[in-house]
Amino acid sequence: QVQLVESGGGLVQPGGSLRLSCAASGSIFSINTMGWYRQAPGKQRELVATITSGGNTFYADSVKGRFSISRDNAKSTMYLQMNSLKPEDTAVYYCKLTVLGTGLNFWGQGTQVTVSS
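Residues numbered from 1 in each chain as written. Predicted model: local features only at pLDDT ≥ 70, side-chain atom pairs only at ≥ 80, totals over all residues. Heavy atoms only, no water.

Caption draft 1: Geometry of the side chain of Thr 77. For Thr 77, the position within the fold is in strand β8 (residues 77–82). For Thr 77, a relative accessible area of 11% translates into the label buried. Polar contacts involving the side chain of Thr 77 include one to the main-chain carbonyl oxygen of Lys 75, which spans 3.0 Å. For Thr 77, the contacting residues outside a window of four places in its chain are Ser 21, Cys 22, Ala 23, Arg 71 and Asp 72. (Helix = DSSP H or I, 4+ residues; strand = E, 2+ residues; numbered from the N terminus. Buried < 20%, exposed > 50% of the residue type's maximum accessible area, 1.4 Å probe, protein only. Polar contact = N/O pair within 3.5 Å; in protein donor to acceptor, adjacent residues only side chain to side chain. Contact = heavy atoms within 4.5 Å.)

Right, here's the structure in full:
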């Protein structure tokens, strides 16, 4: 089993920056993919970015060029650096880990990000 805990959310003005963290613990497999998802009120959960254990990344078009995903395998922690934030980025951000070869998914509790003047 894997436990994921997000942190770093909060209130920020448009154009500002925020850095989210996701700390993983438990029986973590070496080969896995981690990612960030977000869900705004009245909207379905959407993929923001993913990163493999080897460092390969993927970004949704809506955040490409503004967000940067990274991970520190030694610390079992994943990060999401968010720059040039827009009001439409407002959502609860969730951390996800997928164990390759099994399709097993683990989710964090979520952290609120609010972009407003």
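Caption draft 2: The pattern of salt bridges, seen in detail. Tallying each qualifying case throughout the model produces three salt bridges. In this structure, the salt-bridge partner of Glu 46 is Arg 38, at a minimum N-O distance of 2.7 Å. The shortest N-O distance in the salt bridge between Asp 89 and Arg 38 comes to 2.9 Å. Of the two residues, Asp 89 is situated in the loop between β8 and β9 (91–99) and Arg 38 in strand β4 (residues 32–39); the sequence distance between them amounts to 51 residues. (Salt bridge = Lys/Arg side-chain N within 4 Å of Asp/Glu carboxyl O.)

Caption draft 3: Structural view of the packing of aromatic side chains. A complete count under the given rule lists one aromatic pair for this structure. Look at Tyr 37 and Trp 107: their rings are 5.0 Å apart centre to centre, the planes differ by 65°, and that puts the pair in the edge-to-face class. Taken together, the residues Tyr 37 in strand β4 and Trp 107 in strand β10 (residues 104–107) connect sequence positions 70 residues apart. Note that Arg 19 overlies the ring of Tyr 79, its terminal NZ or CZ placed 4.1 Å from the centroid. (Phe/Tyr/Trp six-rings, centres within 6.5 Å; stacked < 30°, edge-to-face > 60°. Lys NZ or Arg CZ within 6 Å of the ring centre and 35° of its normal.)

Caption draft 4: Broad picture of the pairing of strand β3 (residues 18–26). Bridging between strand β1 (residues 2–7) and β3 involves six bridges; their strand directions are antiparallel. Pairing of Leu 4 across the sheet is with Ala 24, part of β3. Pairing of β3 with β8 involves six bridges; the strand directions are antiparallel. Pairing of Ser 21 across the sheet is with Tyr 79, part of β8. (Pairing = 2+ DSSP bridges.)

Caption draft 5: Representation of the environment of Asp 89. Classification of Asp 89 as buried rests on a relative accessible area of 1%. A C-alpha to C-alpha distance of 8.3 Å links Asp 89 and Ala 40, two positions 49 residues apart in sequence. Ignoring anything within four residues of it in the chain, the contact list for Asp 89 reads Arg 38, Arg 66, Phe 67, Ser 84, Val 113 and Val 115. There is a polar contact of 2.9 Å between the side chain of Asp 89 and the side chain of Arg 38.

Caption draft 6: Quick peek at the environment of Gly 35. Here Gly 35 shows up in strand β4. In this structure Gly 35 comes out as buried when scored by relative accessible area, which is 2%. Separated by 23 residues in sequence, Gly 35 and Phe 58 place their C-alpha atoms 9.0 Å apart. Not counting residues within four places of it along the chain, the set of residues in contact with Gly 35 comprises Ala 49, Thr 50, Ile 69, Met 78, Tyr 94, Cys 95 and Lys 96.

Caption draft 7: Structural context of unusual backbone geometry. Phi is positive for Ser 76, which is not a glycine, with a value near 50°. Looking at the element boundaries, Ser 76 is found in the loop between β7 (67–72) and β8. Overall, the relative accessible area of 26% leaves Ser 76 in the partly exposed class. For Ser 84, which is not a glycine, the phi torsion comes out positive at approximately 50°. Tracing the sequence through the fold places Ser 84 in the loop between β8 and β9.

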